[in-house]
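What the coordinates show
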Amino acid sequence: MAFVRRKGNTYFLVHNVRRQGKVRQLHLARLGERPRITDDVVRKVSRNHPFLDVDWSRLREQVNSRVELFDIRSPYVQNLMHALRNLNLDLADLSPPMLVLADRSNSSRELVTQLRLLRSTLDIKLDQFERSKPNGLESGRMFR
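So, here's what we can say about the structure. (Residues numbered from 1 in each chain as written. Predicted model: local features only at pLDDT ≥ 70, side-chain atom pairs only at ≥ 80, totals over all residues. Heavy atoms only, no water.)

Our next topic: the overall build of the protein chain. Scanning the protein chain for helices and strands turns up five helices and three strands. Starting at the N terminus and walking to the C terminus, you meet the elements of the protein chain as β-β-β-α-α-α-α-α. A burial count over the protein chain gives 19% of its 144 residues as buried. When contacts within the protein chain are restricted to residue pairs at least 6 apart in sequence, those whose partners lie at least 24 apart make up 26%. Here the protein chain has roughly 11800 Å² of accessible surface; of this, 52% comes from carbon and sulfur atoms. (Helix = DSSP H or I, 4+ residues; strand = E, 2+ residues; numbered from the N terminus. Buried < 20%, exposed > 50% of the residue type's maximum accessible area, 1.4 Å probe, protein only. Contact = heavy atoms within 4.5 Å. Areas by Shrake-Rupley, 256 points an atom, 1.4 Å probe, with all protein chains shown as cover.)

Below you can see the structure in the form of C-alpha cells.
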C-alpha cells in the first residue's frame, strides 16, 4: 500500500516492500514541499512500477486534506506569502522590451502565456474572497 511520507520539508510517495525478511521503503515519487498527486505523478509511478496496485483516489484525498491554509502561522502559508512577495518583486523587475530583444527560443511567448494564466487564477481567487467576505477584513474593502 502506497502512502505519503514527510521527510524534512519534502513529501514523498512511498511503498513498503519486504526483502529478505526486512521491510524497506521504496520511493515512488518526490512530491515536493506541497504534496500533489498529479496525472504526471500517476503516469510516472505506473510506468516505473507497473505491478504496483495503488489506490490513487484515496491518496489524492489524503493529500488534499493535508494543506493547512486555515492557520496563518503554518509553514505552508508562510512559504506561500514569501513566494508571493518574491513573485511580485520579480514581476516588477521584468522588462518586456529587453526580454523580446534577448528572446531566441520564443520563451517570451511562454512567459506571456504563464502571466495570462496567473492573471486568470488571481481573478478567480479574488472573486472567491470577495464573495466569501471573510471575518476580520474591513467591511468596505475590496481585494482588487
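Read on for the rest.
With nine bridges joining them, strand 2 (residues 10-19) and strand 3 (residues 22-32) adopt antiparallel strand pairing. From the neighbouring strand, R18 faces strand 3, where its bridge partner is V23. (Pairing = 2+ DSSP bridges.)

Glancing now at unusual backbone geometry. A positive phi is found at Q20, a non-glycine position, where the angle reads about 55 degrees. Following the sequence through the fold, Q20 ends up in the loop between strand 2 and strand 3. Exposure remark for Q20: the relative accessible area of 83% places this residue in the exposed category.

Moving on: the nonpolar core. In this structure, V4, L13, L31, V45, W56 and L59 are the most contacted members of the largest nonpolar core, which totals 15 residues. Elements with a minimum of two residues in this core: strand 1 (2-7), strand 2, strand 3, helix 1 (39-48) and helix 2 (56-64). Excluding anything up to four places from it in sequence, V45 contacts L13, L28, A29 and W56. (Core = buried A, V, L, I, M, F, W, Y, C linked by side-chain atoms within 4.5 Å.)

Turning our eyes to something else, we now look at helix 5 (residues 107-132). Between its first and last C-alpha, helix 5 extends 37 Å over 26 residues, near the 38 Å set by a 1.5 Å rise per residue. Note on helix 5: the residue one or two positions beyond its end, K133, has a positive phi of about 45 degrees. (Expected span 1.5 Å × (residues − 1).)

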